[in-house]
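# Residue-level structural notes
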Amino acid sequence: MNTTLKHWKEAATLILAAGRKLGSDSLSSRTPALTAATGSPQGSSPARSQLPQFDYGVLLLKRSGKSGFMPNAYVFPGGMVDSSDFSSDWLDVFKSFSSSPSFGLRSVKQPMETRPPIFATDRLKLGSPIPGEVALRICALRETFEESGVLLVVSNKEDKHLLKDCNDICASDQPCKVNDMCSSELSKWRDLVNQHPSNFIRMCRELEVLPNIWALHEWGNWLTPAAKYGATRFDTAFFICCLQDIPHTLQDQKEIVHFEWSSPSEVLQSYQAQDIQIAPPQFYELSRMCRFPLLNDLHNFAHQRATEGCEQWMPVFVSKDGHYISLLPGDHLYPLDASARVDESTDHQPKDPQEDSALHRMEHHE
C-alpha cells in the first residue's frame with residue numbers, strides 16, 4: 001500500500017465476463033432500465049438486429065445513490081487497496097510459490113521505466129514483501145467477493161501440484177471454471193470480509209484456498225480526472241477474467257444495490273438511451289469488448305496482450321459546442337502536461353489539418 005501518495009488513492013477493478021448461451025437475451029438479474037432499453041428479441045429494432053450476438057455477460061454493479069463517488073452509476077466490481085492486501089501474512093498463504101517471482105504470475109515484457117507507477121513501484125521499499133501485481137490482484141478479488149459474492153479461489157490441498165496447476169491456468173486457452181462452494185459458507189465469510197478486509201487472509205487459511213491471482217489478466221490503468229468527480233481521485237489497476245459460466249451473484253445492499261450480467265452491446269445501448277449511468281472508463285472498456293462477441297476470443301486476446309503491459313491514462317475534459325470531450329493520450333488536443341488544468345473556455349483547434357486524424361477521445365452530449 002503506497003502511503004506516500006498525496007493526491008491519489010490506489011484501487012483495483014475486475015472486469016468479469018462469464019459465458020451464457022447465444023440467443024439468451026434476458027437474464028433474471030436484469031433491471032427494468034436495461035430491459036426497456038435493449039428490448040426483447042421479438043421487438044428488436046433493425047439497428048439492434050445488426051449487432052453481433054454475445055455468448056457472455058459482463059458483471060456490472062449499481063452503486064448506491066448515497067455513495068460519495070459515482071452515485072447510481074453502474075461500475076465493474078472493485079475498490080480501494082487495503083493495507084491487508086500487502087500484508088506479509090500472504091507469504092504463508094502463498095508459501096508454495098516462495099521461490100517463484102511474483103508468486104508464479106507471468107512476467108510482463110514492458111520495460112520498467114515505461115510501466116505505470118502503480119505497477120512499477122518497488123513495494124519492498126515501502127515495507128511490503130508482497131509484489132504490487134500480486135497485491136493489486138488480491139484487492140480486485142477481495143472487492144469482487146465483498147460487492148458481488150463471487151469468490152475466485154483455487155485449492156492448496158495438493159501443494160506439489162499447485163504450481164503446475166496454476167501454470168496450466170495461465171496457459172489455458174479456455175475461460176476458468178466457476179468455483180463450487182457452499183452458499184452458506186460463502187455468506188459467512190463474505191460478512192466477515194466486509195467487516196474487515198484482513199479476514200480475507202483468515203478465510204484463505206481456514207478454507208485452504210488461494211486467491212486465483214493467475215486467472216486475472218492485466219488490462220489497463222485509469223486515473224480519475226481532475227475536478228470532475230469530486231476531491232477523491234483514484235489510481236486504478238484494471239484486470240480482466242473470463243469464466244465459463246455465470247456464478248451465483250448478489251449485491252450487498254450497502255455500497256451496491258443491484259447487479260447485472262449483460263453483454264457489452266446491451267449496456268452501451270442502455271447508456272445511449274440514457275436509461276443508466278456508467279463511468280467513462282467502463283464505457284471505453286465495454287466498447288473495446290464489443291470487438292469480441294465470443295468469450296473464447298475475448299479470453300485469448302486478454303491472455304495474449306496481458307504480458308505486453310499497459311499505459312496509464314488520465315482523461316482531460318474540454319468543452320466544445322455545448323458538450324464536453326474526454327481526451328485521452330494520443331489525441332491531438334491532449335495537453336503535453338496532463339496534470340495542468342485545461343482552460344475549458346479556450347477553443348482548442350489543431351493548427352495542422354492533418355492532425356485531425358489523431359483522435360483518441362469520448363464525446364459526451366447532454
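Going by the structure above, here's the rest.
Residues numbered from 1 in each chain as written. Predicted model: local features only at pLDDT ≥ 70, side-chain atom pairs only at ≥ 80, totals over all residues. Heavy atoms only, no water.

Our next topic: the nonpolar core. With 53 residues, the main nonpolar core has Leu14, Leu16, Trp90, Phe94, Ile213 and Phe239 as its most contacted residues. Other than its neighbours up to four places away in sequence, tryptophan 90 contacts Ser84, Asp85, Ile130, Ile138, Phe200, Ile201, Cys204 and Pro211. Residues Leu60, Trp222, Leu286 and Leu298 belong to the second largest nonpolar core, which totals 27 residues. (Core = buried A, V, L, I, M, F, W, Y, C linked by side-chain atoms within 4.5 Å. Buried < 20%, exposed > 50% of the residue type's maximum accessible area, 1.4 Å probe, protein only. Contact = heavy atoms within 4.5 Å.)

Tallying each qualifying case throughout the model produces zero disulfides. Among the cysteines around cysteine 242, which has no disulfide bond, cysteine 241 carries the closest sulfur, lying 6.6 Å off. By relative accessible area, cysteine 242 is classed as buried at 1%. (Disulfide = S-S within 2.5 Å.)

Another point: the packing of aromatic side chains. For the structure shown, the criterion picks out 17 aromatic pairs. Measuring from centroid to centroid gives 5.5 Å for tryptophan 222 and tyrosine 284, while their planes differ by 70°, and the two rings are edge-to-face. Note that tryptophan 222 is positioned in strand S7 (residues 217-223) and tyrosine 284 in helix H10 (residues 280-289), a separation of 62 residues in sequence. This pair shows no difference in class: tryptophan 222 is buried, exactly as tyrosine 284 is. When the centroid spacing of 5.4 Å and the interplanar angle of 55° are considered together, the rings of tyrosine 271 and phenylalanine 283 count as tilted. Here phenylalanine 283 lies in helix H10 and tyrosine 271 lies in helix H9 (residues 264-272), a separation of 12 residues in the sequence. Judged by relative accessible area, tyrosine 271 falls into the partly exposed class, the value being 24%. Three or more aromatic residues link up through ring pairs in this structure, and these residues are Trp90, Phe94, Phe97, Phe103, Phe145, Phe200 and Trp214. One cation-aromatic arrangement involves arginine 305 over tryptophan 219; the distance from NZ or CZ to the ring centre is 5.5 Å. (Phe/Tyr/Trp six-rings, centres within 6.5 Å; stacked < 30°, edge-to-face > 60°. Helix = DSSP H or I, 4+ residues; strand = E, 2+ residues; numbered from the N terminus. Lys NZ or Arg CZ within 6 Å of the ring centre and 35° of its normal.)

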